[in-house]
Every structure is written in C-alpha cells, then in structure tokens.
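Below, each chain spelled out in residue letters.
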Amino acid sequence: MATELQSRCEPHHVAIIMDGNGRWAAMRGQPRSAGHRQGVEALRRTVRAAAELGIGVLTLYSFSTENWSRPAAEVRFLLDLLRRFIRTDVAELHKSNIRIMVIGDRDGLEPSLRKLFEEAEALTRENSALKLVIAFNYGGRQEITRAVRALAQKVARGEILPADITPDVIGNHLDTGGLPEPDLLIRTGGEQRLSNYLLWQCAYTEFVFMPDYWPDFDADRLRQAVADYRMRDRRFGGLTAQSA
Ligand code: IPE
Ligand code: IPE
Ligand code: MG
C-alpha cells in the first residue's frame with residue numbers, strides 16, 4: 001500500500017525555469033557568459049539525475065521570447081551555447097535512450113538552428129526513456145496565440161465547428177500537445193514568477209521556488225524538490241483523503 005501511494009506521488013513531468021546564471025557569475029566577479037557556461041553543466045547533471053530518478057518528461061526553459069531584448073552579444077552567446085550543447089551531447093543522449101523535443105516558435109530562427117533541432121528530434125524520435133523537452137524561443141502567450149490561430153483557420157475552412165473547441169482540443173494544439181501537463185515546476189534563482197512559461201499547462205502544477213542559482217543546481221537539489229512535491233496534497237479543486 002505504501003509503495004502504491006508513493007508511486008502515485010512521483011512527478012512524471014518536471015518543468016524547470018533555469019534562472020540565475022548572470023547573478024551566479026556576478027557574485028564571482030565574472031562575466032554573465034561564465035554563468036551561462038556553468039549553466040550548461042548544471043543542465044547536463046540535471047538530465048542525468050532526472051533519468052536516474054525515473055522522471056518521464058523534463059521540460060527546460062532555455063530561452064524565452066522576451067530574452068531577445070538582452071544585449072545582442074549575450075543573445076548570440078546563448079544561441080551558440082545551445083547549438084554547441086546539442087551538437088556535443090546528442091549522440092550521448094541518444095545512447096541513453098533519451099528523446100529530444102524542442103518547443104517554442106521556430107519561425108524566423110536561423111535555418112541552421114532549425115535544422116539542428118529537426119535532426120536531434122528525428123534521431124531520437126523512437127527513444128523511450130526520458131523525454132527532454134527544450135523550450136527555446138518559447139513564450140506561453142505566443143504558444144497559445146499560435147494554437148488559437150490554427151484553430152481559427154480550421155473553423156474558417158469548415159473543418160471544425162466553434163463548439164468543437166474544448167480545453168483538450170486547445171491543449172493538443174499547443175507545442176506540448178501529446179505531453180502530460182507538468183506535475184512539478186522548479187524555478188531556481190529566487191524569483192517567484194512564471195515569466196511566460198507553460199501558462200496553460202501549469203493550471204494545476206505544484207511550484208517549488210529555490211534561492212539557489214541555476215549553475216549550482218544538481219541531483220541533490222532535484223531530489224529535494226521532488227521530496228517537497230511528495231508532501232503536497234494535490235486536490236485539483238476536489239477533496240482528497242487528507243482534506244475530506
Ligand atoms: C537564466 O539566467 C538564463 C536565461 C534566462 C537564458 P539569467 O541570464 O536570467 O540570469 P540572471 O537571472 O540574470 O541572474
Ligand atoms: C526566464 O528567466 C527565462 C529563462 C530561464 C530562459 P528570465 O531571467 O528571462 O526571467 P525574468 O526576466 O527575470 O522574469
Ligand atoms: Mg534571470
């Protein structure tokens with residue numbers, strides 16, 4: 001019984017807002033880029049730890065639609081870092097049976113980056129261990145807007161009726177269509193906000209905010225967040241044994 005209860009409490013989908021790279025570097029008198037570089041190491045550790053914990057889906061916020069407003073040199077550095085991460089790690093991730101998926105708006109991205117995303121997705125498509133979802137050029141409002149437009153086009157073409165549009169249908173038209181909603185969202189760096197991340201999907205997600213900067217994130221901190229999650233009483237608006 002205890003094990004059944006425990007297994008029901010494991011988060012299947014964990015989403016992370018990897019925040020605090022710049023402050024991590026500033027604290028050490030280093031340029032922000034040094035924080036981003038260490039952030040990639042934290043990302044590698046986290047993917048490994050998530051796979052070991054048996055987490056099904058790990059969705060990482062790597063670059064928001066609003067991050068383009070940063071200085072051009074930082075934007076370029078972040079793009080190059082992601083490019084290098086995929087190039088360097090894709091074979092290893094594939095060997096570990098990890099499936100790579102990218103969410104966010106690909107329109108207007110450099111063709112070489114789009115090609116890299118497509119190739120990584122195609123190579124790992126059949127993998128059945130952890131799903132690693134990278135949110136790049138991602139914004140929750142933009143994603144919902146794209147879904148609404150796609151649905152409006154279907155209505156305009158007479159393929160569906162307005163009454164056919166249900167929450168499930170909307171969910172399936174998002175970039176995350178087919179994925180379960182996040183059970184647990186972790187944000188490092190001390191801020192307690194969503195910053196346009198997974199707005200629709202987080203309707204009933206449990207939030208864990210950590211003061212630690214992302215470059216310091218590791219397996220222990222992930223386990224700690226999962227332990228916090230296990231203590232939560234998820235009611236989804238109803239009553240559970242604990243609250244009844
Ligand atoms: C997160 O760290 C990385 C990205 C947003 C791409 P930040 O760069 O936001 O670091 P802080 O929040 O300024 O410390
Ligand atoms: C959120 O962090 C985006 C990513 C981690 C990729 P930001 O640093 O951009 O968020 P704000 O600006 O503090 O809300
Ligand atoms: Mg930040």
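Below is a short write-up of the structure.

### Considerations on the nonpolar core
If you look at the biggest cluster of nonpolar residues, it comprises 45 residues, and the most contacted ones within it are I16, V47, L58, F136 and I186. At ten residues, the largest contribution of residues to this core is made by helix α4 (residues 72-95). Beyond its immediate chain neighbours, meaning those up to four positions away, I186 contacts V14, A15, I16, I17, V208, M210, F217, L222 and A225. The next biggest cluster of nonpolar side chains, apart from the first, holds 14 residues, and it includes A15, V57, M101 and L198.

### A look at the site of ligand 2
Taken together, I17, M18, D19, Y61, S62, F63, N67, R70, R187, R193 and S195 are the residues near ligand 2. Within the side chain of D19, an N or O atom sits 3.2 Å from an oxygen atom of ligand 2. Contacts to ligand 2 include R193, whose side-chain N or O atom sits 2.8 Å from an oxygen atom. Protein contacts shield 77% of the accessible area of ligand 2, which totals 390 Å² for the unbound molecule. Partitioning the shell around ligand 2 into residue classes produces four nonpolar, three polar and four charged.

### With respect to the pattern of salt bridges
Using the criterion set out here, one finds 24 salt bridges in the structure. Residue E121 pairs with R106 through a salt bridge whose shortest N-O separation is 2.7 Å. Taken together, the residues E121 in helix α5 (residues 111-124) and R106 in the loop between β3 (99-103) and α5 connect sequence positions 15 residues apart. As far as the burial class goes, E121 and R106 line up, both buried. With a shortest N-O distance of 3.1 Å, E206 and R232 are connected by a salt bridge. Here E206 is found in strand β6 (residues 206-209), whereas its partner R232 is found in the segment after α8 (219-230), with 26 residues between them in sequence. Note on E206: relative accessible area 16%, which makes it buried. Residue R232 is classed as partly exposed on the basis of its relative accessible area of 31%. Taken together, the shared-partner salt bridges in this structure form one network comprising D19, R23, R187, E191 and R193.

Criteria and thresholds
- Residues numbered from 1 in each chain as written.
- Chains lettered and ligands numbered in written order.
- Predicted model: local features only at pLDDT ≥ 70, side-chain atom pairs only at ≥ 80, totals over all residues.
- Heavy atoms only, no water.
- Core = buried A, V, L, I, M, F, W, Y, C linked by side-chain atoms within 4.5 Å.
- Buried < 20%, exposed > 50% of the residue type's maximum accessible area, 1.4 Å probe, protein only.
- Helix = DSSP H or I, 4+ residues; strand = E, 2+ residues; numbered from the N terminus.
- Contact = heavy atoms within 4.5 Å.
- Near = heavy atom within 4 Å.
- Polar contact = N/O pair within 3.5 Å; in protein donor to acceptor, adjacent residues only side chain to side chain.
- Areas by Shrake-Rupley, 256 points an atom, 1.4 Å probe, with all protein chains shown as cover.
- Nonpolar A, V, L, I, M, F, W, Y, C, P; charged D, E, K, R; others polar.
- Salt bridge = Lys/Arg side-chain N within 4 Å of Asp/Glu carboxyl O.

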